[in-house]
Amino acid sequence: HVSALTPFVTCALSSHPTTTAMTIAIARGLALGLALMLAVPPSQGFVLKGSSSRSNTRAMARSRGKGNSGVRGLAVMVEGGSLNPSSSWSSSSSSSPSPTPHATVVFLRHGQSVWNEASLFTGWADVELTTLGKNEAAKGATEMWKEGLEFDVAYTSLLTRAQQTLDIALTIMGQEDTPVNKDWRLNERMYGGLTALNKKETAAKYGADQVKEWRRSYDTPPPPVDKTSDYWPGNDDKYAHIPDGQIPLSECLKDTVDRTLPYWDSAIAPALKRGKTVLVAAHGNSIRGMLKVLDDIADDGITDIEIPTAIPLVYQLDKDLKPIQGNPRAVSPLSGYFLTDPEELAKAQAAVAAQSVVSSSSTDGSTDNELDIGKPSTVSPGWEELSPPGDDHIVFTCLGDGCLMLGSNDMREAFDKFDADKDGTITQHEFRTTLLKLAADGDLGPDEVGMEELNTLFDAVDRDHNGL
């Protein structure tokens, strides 16, 4: 075990070369550690290491369940921001014996994006993940790590949110050297003239039934986007290599399937035929297209398949690339299985389904058929808790460019360092004073720290907004 502040500071220093940015990163890391401490009860701490390798990570992942019980330690590669298991816990959902797969493909839908959060039609608009979306990706990575998955090659779209999800997943699993192929044919469906519109306002304008038809029918596309619009992909240089005739003005699910499947056949299937383990980080509708073929799902059935954000979906395939049947974790009509427990899967699928329910506002300003999308039920957005077998608890979060997973012993030590008067609370003054002292110890003056940002960080940590 190391000093409670070391992982936060070291992780910050590794990512920010300049002095001022370094100080800000330290502040963020310390705020993160403090907030993490507030999230969970005591548990065993974790071992922090300064280096890792993909081979070591894979070897340790393969040892999952061999004589280990609970969590004895978790090594965090602070310089790269990745996790390297020094021992791991057994998955709570073990599968029964089945035929040895020839190849494995894992589908990972991207986490929540900023436009998902704002309830805007996104499609090919290139937006980033929210903090919650990064956490969803990190949690999905953790489940793949627990499953012992070792990827030979990965595929993703040309959209930032999918690439961020893939990058977070590979980094946390210690598999950053996995070759990555990017292609526009894995993009989300093109929402045409609906792109960037608010879903509720669109329902109020066109009617909920019409919007539902555009979103959930198999072969009815939304209105086309104007070619003069900033949201027509032909005006984006990243699509300059694609002939105009292939760049969509609008797409229904059928159109998305028709452009995705040739890429599956030409790029992904050959890797699977060679027996590779493949990760595909993409979007709800492009993933639906590939599942439609794998499980031979009818046109009117594929629209009802809900793909939760950042919950890995694993398909084990035979040499003919047919899904191996009979896995007890599979959820009909899919032959693949999600790396989560049934209750969490049901909640996640309900949340995704609710995103497709649009209604105009009622007279009292409320809306019908809506759920609170993407927010953990017991903690604030951006925080996730893992509870492996036994009494241990792990909390992780992503902040800025990094993700951390820690035990609460270290968090309590961090809390004590901030709580100068040892009264069990941390005031804004104590918070700022501790960070300023750390800055001074690092040969930085108070003018270089940024008081406004420190106050903002305190407000972010003070989740109940009571000033403590």
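First things first, this report covers the structure right here in the doc. Every chain is numbered on its own, with residues counted from 1 as its sequence reads. Reporting of local features is limited, given that this is a predicted model, to residues whose pLDDT is at least 70; pairs of side-chain atoms are given and counted only at 80 or more, and all residues count toward the totals for whole chains, interfaces and linings. Side-chain measures were taken over the full set of non-hydrogen atoms in the model, leaving aside hydrogen atoms and water.

### A word on helix 9 (residues 253-273)
Selection criterion: To get the bend at a residue, fit one axis to the 7 residues ending there and another to the 7 starting there, then take the angle between the axes. Here a strand is any run of E in DSSP of at least two residues, a helix any run of H or I of at least four, and the numbering for each starts at the N terminus. Under the scheme applied here, a residue whose accessible area is under 20% of the maximum for its type counts as buried, over 50% as exposed, and between as partly exposed, the area being computed with a 1.4 Å probe on protein chains only.
If you look at helix 9, its biggest bend is around 45°, right at Trp264. Looking at helix 9, one finds that the buried residues are Leu253, Thr256, Val257, Arg259, Thr260, Leu261, Tyr263, Trp264, Ile268, Ala269, Ala271 and Leu272. After helix 9 finishes, the residue Gly275 shows a positive phi value of roughly 85°.

### Focus on the pattern of salt bridges
Where charged atoms from two side chains of opposite charge approach closely, those side chains can pair. Stated precisely, the cut-off is as follows: Just to be clear on terms, a salt bridge is a Lys or Arg side-chain nitrogen sitting within 4 Å of an Asp or Glu carboxyl oxygen.
The full count for this structure, using the stated rule, is 12 salt bridges. A salt bridge links Glu147 to Arg329; the shortest N-O distance between them is 2.8 Å. Separated by 182 residues along the polypeptide, Glu147 in helix 5 (residues 131-147) and Arg329 in the loop between strand 8 (313-317) and strand 9 (337-338) bring together distant segments of the chain. You can call Glu147 buried: its relative accessible area is 15%. Of the charged contacts in the structure, one is a salt bridge between Arg288 and Glu306, with a shortest N-O distance of 3.7 Å. Of this pair, Arg288 sits in helix 10 (residues 284-294) while Glu306 is found in the loop between helix 11 (299-302) and strand 8, placing the two residues 18 residues apart along the sequence. Assigned by exposure class, Arg288 and Glu306 land together as buried. Salt bridges sharing common partners tie together Asp126, Asp236 and Lys238.

### Digging into the nonpolar core
Using the following cut-off: In this text, buried Ala, Val, Leu, Ile, Met, Phe, Trp, Tyr and Cys residues form a nonpolar core when linked through side-chain atoms within 4.5 Å.
Counting 36 residues, the largest nonpolar core has Phe107 and Val280 as the members making the most contacts within it. Counting only elements with at least two residues in this core, the list comes to strand 4 (103-109), strand 5 (153-156), helix 9, strand 7 (277-282), helix 10, strand 8 and helix 12 (342-355). Sort the elements by how many residues they give to this core and helix 9 lands first, with 9 residues. Judged by nonpolar contacts, the second largest core, of 23 residues, contains Ala141, Met173, Ala281 and Tyr337.

### Considering the pairing of strand 7
The condition that has to hold: Whether two strands pair depends on DSSP finding at least two bridges between them.
With respect to burial, strand 7 is a largely interior element, 6 of its 6 residues being buried. As defined by bridge partners, strand 4 adjoins strand 7 across 6 bridges and the pair is classed as parallel. The partner of Phe107 across the bridge, within strand 7, is Val280. Looking at chain direction, strand 5 and strand 7 are connected through 4 bridges and run parallel. Across the sheet, the residue bridging to Thr156 is Ala281, located in strand 7.

So far we have only geometry, and geometry alone does not tell us how the molecule works.
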